[in-house]
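Okay, here's what each chain looks like letter by letter:
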Amino acid sequence: MTWFSSPDDASARLHEAGYLADAATATTAYLAGALEKPLLVEGPAGVGKTELAKAVARSTGAELIRLQCYEGLDEARALYEWNYKKQLLRIQASGADQAWSETHDDIFTDEFLLTRPLLTAIRREEPTVLLIDEVDKTDVEVEGLLLEVLSDFQVTIPELGTVSATRRPFVVLTSNATRELSEAVKRRCLYLHLDYPDAEREREIVTSQVPGLDDAVAKQLVDVVARMRELELKKAPSIAESVDWARTLIALEIGDLDEAAIQRTLGVVLKHSSDQARAVKELRLAGK
Amino acid sequence: MTLLDTHIGFIEALRSAGLSVSLAEGLDAIEAMRRIGWGERDVVRTAYAATLVKKQAQRVTFDAIFDLYYPRLVGAGVAGEPESDGVRDNGAALTRFTDELADALADTDAESQRLQDLAVEAVGRFGAMPGRGPGLSSWSAYTALQRVSPGQLIGQLVAGLMADGMVEEDAERIAGRRIGSFTRLVEDDARRRIAEEKGPEHVANIVVRPTIDRLDFTAARRSDLEEMRREIYPLARRLATRLTKQQHARRRGALDFRRTVRASLSTGGVPIETHHRPKRPHRTELVVLCDVSGSVANFAQFTLLLVFALREQFHKVRAFTFVDHVHEVTHHFTPGGDVVEVMENLAASTAHAALWGRTNYGRAFTKFAEEHADALGPKTSLLILGDARSNYSDLALPVLRELEDAVRHAWWLNPEHTRHWGTGDSAAPAYGEIVPMVECRNLTQLEEFVSAISMGTQPAR
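Please read these numbers as outputs of a predicted model, since none were measured by experiment.

Details of the overall build of chain A
On a plain count of helices and strands, chain A comes out with 14 helices and 9 strands. For chain A, the C-alpha radius of gyration of 24 Å lies well beyond 19 Å, the compact-globule estimate for 288 residues. If one aligns the C-alpha atoms of chain A with their principal axes, the spans along those axes are about 90 × 40 × 35 Å. For chain A, buried positions account for 49% of its 288 residues. Here the analysis covers contacts within chain A between residues at least 6 apart in sequence; of these, 74% occur between residues at least 24 apart. Approximately 12900 Å² of chain A is accessible, and the part contributed by carbon and sulfur atoms is 50%.

The following block contains the structure:
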C-alpha cells in the first residue's frame, strides 16, 4: 500500500486529520512513505513532533504503536520477552512422561512470547505507524537494536528464527537532540527538522485547535508569542504553549489580549521566573 | 552538464564542506527525486535536505551550496538582461529602483518573491563590473549595495511603520531586519551569478562558513555571538544529561557484604547476585580565573556561562576576572539567573578588573595570590582563561607555580590557534610549561573540555 500519493496529497490528508503541515513537512512525510524509510524528526519541545506521527496514523487509517524511550530501556521492553513464568508452569504441568526435547520445542513458541512495541509493529498485517518517541533518551546499546529493525524491518529471535515484516510500518523517530544519535541510525533515516512555524501558520493551528477563539485575539496572541521567541529565553514558547494560552484565554473569557491580560496569564507560556521577568521587561508590560 | 553530473558535483561539494554524505544517502536522494520529479525547486530542496542533511546545524551550509548548484534562475531570468530597455545604470534608473525598493520593503504583507526579484535586478543593473580580466568575477554585491545603499531607506521605513501605530523600537527592529534580508538576497544573487560564470565548485569553497559550533570565538561577528549565546543552554543541558548518565554507569562501588549475604538466602545461600555500595560522587571545586580584556572577552564570557550553567556538576564554583587587577564575579551568577542580565553585569564589572587597562598577567596572578589565596585548596581545580598575551610585562612565573602547587589540577584554556602560541607578546610556551595549556577555539572544543574536567578525567591536550 502506498501511504500518500504525492506531497500535495500528504498535505491535504494531514490537514484533514487536524495537522497543518508546511510544505517541507508534507513532502518529507510523503517521501518517508514512498521510500519506506524511517523518518527522524528533530526540533524543540512542543512543535508537534509526536503529533505528526499521530496525524499520519489518523489520516491513513493505520494503527499507532508507540515505543516511549527512556534511560535504561532494554531489549526485553522494546522488542520481546519470553513469558518465563508461564514456561515454568508448562514444564511443571507436563510431568515426567514428556521428554525434554519435546518440552523444549513446546515452550519456545508463540504462546509464550510477549511481544513488545517493535516486534508488534513488524508482525502486524494491517497498516501500522510505529512511533519511537524521544529516541535520544535511550542508551547507545538500544540504537544498535534499532539498526536491524530500521534497515531491514526484521527481528531475529534465536529460538524462532527471523521475523520479517509482512508490511513495512511507517516509522517515525522523534528526538529533542539532547544527544547526537549515531551516524548509522541517521544514515538509515530521512531527516526532518521541525521549527516554530511562521505567524500565519501558527494562527491557523491555534484557531483550528481552539475553536471559539476570536480571530483578533488569535492574531494578538501569535504576535506576542513570536516576539517572545526573539528574546533570549531559556525556553522559548512552543506551539503547544500557544495553544494552551489560547485555551486559558477562552476559559478566563478574556476578549482582548492587553498588557494586563498578558501579565496575568504569562505563567502559561513562560515557565522560568527569569524568562517571565525578561519578557515583562522587554515587552514593556510593567509600566502600563 | 547533465543532471547526474550536477548531482554528483553537489554531493562532492557537501562533503568538502564537512557534511558526511554517504553513498547510500546519495542513492536515497536519487530515489527520492525519481518519486517527486524535478518540477519544483523547493520540493527538490526539501527532498535533498531530508535525505542528505542529518544535523540541523549543517542546514545553513547545505542551503548555501544548494543555491549554487541549483540556482533559482539563470542570468537575469525570463525578464532578460536590463540592456533590453536601453538603460543599465544611471541616475533615473537608480531613483526609480530605490522608490520601488522602499515600496516593497514597506509593504508588510509583501511576499518574498518581490524582494527577490528586486535583488536580482539590483545585481544585474548596479552590480556589474564588465571588462575585467578573465578569472575575475564580473559581478559584485558590494558595488550593487554601495550604489543602492538600502541602509538609507531605514529612516523612511521606520517612519512608515510608526505611522501604522508601531512603537519606535519595534519599528526599528523590523526595519533593520528587512533591510538585512534584502542585503542577504543581493549577496546571494551575486554569488549565484559568479557561480554561473566560473562553475559552482569554485565558489563553494569560499562561501561556506564554518557552522556555529566550529566558528572561532575570536573570529565571530556580533550576530554570531548572539547565536552562540543561544547555544549555551542547550549545550549545557546536553552535557549535563551525558554527565549524569556517565556517572550512573560508574556508580558501582565496593561490595556491600550485608546485602549480598541477605540476597543469597533466596538462592539457597549461593551469592549469585552481588550488591555494591553506591560510589560517592566525586565533585570538583572549580576556580575560574579569566582574562576579560578586549581581545578575549567573548571567549571568557562563554566559558563562564557554560561553567555556571553546569554548576550542579561541580561542588563549588568561584570566578574571578582580571585585566591587570583581580575582581571576583561569582555573585553575578545567581541560580536560574537571566543570561542577558548576567552578561550585562559581567561587562559592567570589567571596570573593576582593570587599573590601567593593559593586560598584565604577572600583576594579576600576584594580586590573586595576595588577595584570594583562600579560594585555592587541595580539592580545587584552577582554570585560567586567556591568550597569554601580557604586553611584554613581568610574567610572575614563580607566583603561578605556587598557585599551581596549591591546587589539585590546573589548566589553561587558550582561544588562539596553537600555531600562534609564542608569537609576538604571547607568553604561552612559558606559562604552558607550568600549567598545561589547552587550545579552545570554538564551542565544540569548549564542550569537550568541560565534559572532561567535570568527569574528573584529564582533558586531551
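Now that the structure has been shown, the text picks up again.
Focus on unusual backbone geometry
Residues and elements named next belong to chain B. Of note, Y392 is a non-glycine position whose phi angle comes to about 55°, a positive value. Mapped onto the elements, Y392 comes out in the loop between strand 6 (380-385) and helix 16 (397-406). Of the residues examined, Y392 reaches a relative accessible area of 67% and is grouped as exposed. Positive phi outside glycine occurs at A396, with the angle close to 50°. Looking at the element boundaries, A396 is found in the loop between strand 6 and helix 16.

As for helix 12 (residues 239-252) of chain A
All names here are of chain A. With 14 residues, helix 12 should reach 20 Å at 1.5 Å per residue; the first-to-last C-alpha distance of 20 Å fits that figure. Along helix 12, the residues that are buried comprise I239, E241, S242, V243, W245, A246, T248 and L249. Where helix 12 ends, the next residue or the one after it, E253, has phi of about 55°, a positive value.

With respect to the pattern of salt bridges
Residue and element names in this part refer to chain B. Under the defined criterion, the tally for this structure stands at 36 salt bridges over all chains. Here D42 makes a salt bridge to R45, at a shortest N to O gap of 4.0 Å. Residue D42 and its partner R45 are both found in helix 3 (residues 41-52); the two are separated by 3 residues, about one turn of the helix. The class of R45 is buried, set by a relative accessible area of 13%. A salt bridge links E370 to K367; the shortest N-O distance between them is 3.5 Å. In this pair, E370 and K367 both sit in helix 15 (residues 361-371), 3 residues apart, roughly one turn of the helix. Judged by relative accessible area, E370 falls into the exposed class, the value being 55%. Within this structure, R41, D42, R45, R59, D63 and D67 form a network of salt bridges that share partners.

As for the nonpolar core
All names here are of chain B. Within the largest apolar cluster, 86 residues are counted, with the highest numbers of intra-cluster contacts made by F10, Y48, L52, L101, F182 and V186. Of all the elements, helix 9 (residues 168-198) adds the most residues to this core, at 10 residues. With residues up to four places along the chain from it excluded, the contact list for L52 reads F10, I11, L14, V21, E25, G26 and A29. In terms of nonpolar packing, the next biggest core, distinct from the first, is built from 46 residues, L239, F308, F314 and L385 among them.

Here we look at the domain arrangement of chain A
Many authors give the size of an interface as the accessible area that is lost as the parts come together. Residues and elements named next belong to chain A. Assigned domains within chain A: domain 1 (7-79 + 116-193) and domain 2 (199-282). In this structure, domain 1 and domain 2 have C-alpha centres spaced 31 Å apart. Facing 7 residues of domain 1, the contacting portion of domain 2 comprises 9 residues. Taking both sides of the interface into account, the surface hidden between domain 1 and domain 2 amounts to around 570 Å²; carbon and sulfur atoms contribute 54%. For domain 1, the biggest contributors to the area lost against domain 2 are L20, A45 and G46; these three give 66% of the whole. Connecting domain 1 to domain 2 are 0 salt bridges. Along the contact surface separating domain 1 from domain 2 lie 5 residue pairs in polar contact (both at pLDDT 80 or more).

Notes on the interface of chain B and chain A
Counting residues at the interface gives 39 residues for chain B, matched by 35 residues for chain A. A combined buried area of about 3100 Å² lies between chain B and chain A, and 49% of that area is made up of carbon and sulfur atoms. At the junction of chain B with chain A, the criterion picks out 1 salt bridge. We note a salt bridge from D28(B) to K37(A), for which the minimum N-O separation is 3.2 Å. At the boundary of chain B and chain A, one finds 8 residue pairs in polar contact (both at pLDDT 80 or more). The set of elements that each furnish at least two residues to the side of chain B that touches chain A consists of helix 2 (23-36), helix 3, helix 9, helix 11 (222-249) and helix 14 (339-349) of chain B. Among the residues forming the side of chain B that touches chain A, the class breakdown is 12 nonpolar, 9 polar and 18 charged.

Cut-offs used in this document
Residues numbered from 1 in each chain as written. Chains lettered and ligands numbered in written order. Predicted model: local features only at pLDDT ≥ 70, side-chain atom pairs only at ≥ 80, totals over all residues. Heavy atoms only, no water. Helix = DSSP H or I, 4+ residues; strand = E, 2+ residues; numbered from the N terminus. Rg over C-alpha atoms; globule rule 2.2 N^0.38 Å. Buried < 20%, exposed > 50% of the residue type's maximum accessible area, 1.4 Å probe, protein only. Contact = heavy atoms within 4.5 Å. Areas by Shrake-Rupley, 256 points an atom, 1.4 Å probe, with all protein chains shown as cover. Expected span 1.5 Å × (residues − 1). Salt bridge = Lys/Arg side-chain N within 4 Å of Asp/Glu carboxyl O. Core = buried A, V, L, I, M, F, W, Y, C linked by side-chain atoms within 4.5 Å. Domains from an automatic or database assignment. Buried area = accessible area lost by both parts, 1.4 Å probe. Polar contact = N/O pair within 3.5 Å; in protein donor to acceptor, adjacent residues only side chain to side chain. Nonpolar A, V, L, I, M, F, W, Y, C, P; charged D, E, K, R; others polar.

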